[in-house]
Amino acid sequence: MIGILIALISGALMSIQGVFNTDVTKNTSLWVSTSWVQFSAFLVCLIAWFIKDRESFMTLTRVPNKYALLGGVIGAFITVTVIRSMADLGPARAVMLIVISQLIVAYIIELFGIFGVDKQPFQWRKIIGMAVAIVGVVLFKWE
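This structure is a prediction, so every number in the text was calculated from the model and none was measured.

(A) Geometry of the overall build of the protein chain. In terms of regular secondary structure, the protein chain is built from five helices and zero strands. Along the protein chain, from the amino end to the carboxyl end, the secondary structure elements read α-α-α-α-α. In terms of overall dimensions, the protein chain has C-alpha extents of about 50 × 45 × 30 Å along its principal axes. Out of the 143 residues belonging to the protein chain, those deemed buried represent 15%. Once local pairs closer than 6 in sequence are excluded, the contacts in the protein chain between residues at least 24 apart make up 54%. In the form shown here, the protein chain has an accessible surface area of approximately 10,800 Å², with 74% of it arising from carbon and sulfur atoms.

Rendered as structure tokens:
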């Protein structure tokens, strides 16, 4: 139950953040806004680390799959693409397409066991669920 609540909060925060970041971009630039987002996130993480964790940053050298350390790089591009999509499509349409993209890519990762994720069997109901989501976006966008 807690996982569901956290996922719902995450989705809500991502939508709010996208709107905020788009507003900041209107008054600055895409890369200034993205830099601020990443820098402010870094500061929050450092404060939380100082209060709660204090694990050595050298533990990063023990991460077996070094490509996994690119999460922050990907995060910067997530910020850029969310800002651009919200500016071009509006928050609701952008988030719907973002979520559908997340579903499709996550399913492909599970289906083929990419990045060390446990491989899952193909299920038609998951494909049908994604198709329903896509139809929902088309209906939502339909004017």
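(B) Structural context of a nonpolar patch on the surface. Taken together, the side chains of W31, Y67, L70, V73, I74, F77, I78, F115 and V117 define a hydrophobic patch exposed on the protein surface, amounting to about 910 Å² of accessible area. Per-element tally for the nonpolar patch: the top contributor is helix 3 (residues 71-89), with four residues.

(C) The pattern of salt bridges, seen in detail. Enumeration according to the criterion identifies three salt bridges in this entry. A salt bridge links R62 to E55; the nearest nitrogen and oxygen atoms lie 3.8 Å apart. A relative accessible area of 43% means that E55 is categorised as partly exposed. With its nearest N and O atoms 3.8 Å apart, the salt bridge here joins E110 to K126.

(D) Structural detail: the packing of aromatic side chains. What the rule picks out here adds up to five aromatic pairs. Consider the rings of W36 and F39, whose centres lie 6.2 Å apart with planes at 50 degrees: the pair is tilted. Here W36 and its partner F39 are both found in helix 2 (residues 30-53), three residues apart, which amounts to about one turn of the helix. Residue F39 is classed as partly exposed on the basis of its relative accessible area, which comes to 43%. Ring centres of W49 and F57 lie 5.3 Å apart, and the angle between their planes is 50 degrees; on these two criteria the pair is classed as tilted. In this arrangement the basic side chain of R54 is found over the ring face of F50, its NZ or CZ atom lying 3.9 Å from the centre.

(E) A look at the packing of helix 1 (residues 2-27) against helix 2. At a minimum axis distance of 8 Å, the contact between helix 1 and helix 2 shows a crossing angle of 135 degrees. One finds that helix 1 runs oblique with respect to helix 2. For helix 1 against helix 2, the interelement crossing comes out right-handed. Touching Q17, N21, V24 and T25 of helix 1 are L30, S33 and V37, all from helix 2.

Definitions and limits used
- Residues numbered from 1 in each chain as written.
- Predicted model: local features only at pLDDT ≥ 70, side-chain atom pairs only at ≥ 80, totals over all residues.
- Heavy atoms only, no water.
- Helix = DSSP H or I, 4+ residues; strand = E, 2+ residues; numbered from the N terminus.
- Buried < 20%, exposed > 50% of the residue type's maximum accessible area, 1.4 Å probe, protein only.
- Contact = heavy atoms within 4.5 Å.
- Areas by Shrake-Rupley, 256 points an atom, 1.4 Å probe, with all protein chains shown as cover.
- Patch = residues over 30% accessible without salt bridge, like charges linked within 9 Å, V, L, I, M, F, W, Y side chains within 5 Å.
- Salt bridge = Lys/Arg side-chain N within 4 Å of Asp/Glu carboxyl O.
- Phe/Tyr/Trp six-rings, centres within 6.5 Å; stacked < 30°, edge-to-face > 60°.
- Lys NZ or Arg CZ within 6 Å of the ring centre and 35° of its normal.
- Axes fitted to C-alpha atoms, helices over the stretch in contact; angles between N-to-C directions.
- Parallel < 35°, antiparallel > 145°, perpendicular 65-115°, else oblique.
- Left-handed = near helix turned anticlockwise from the far one by under 90°.

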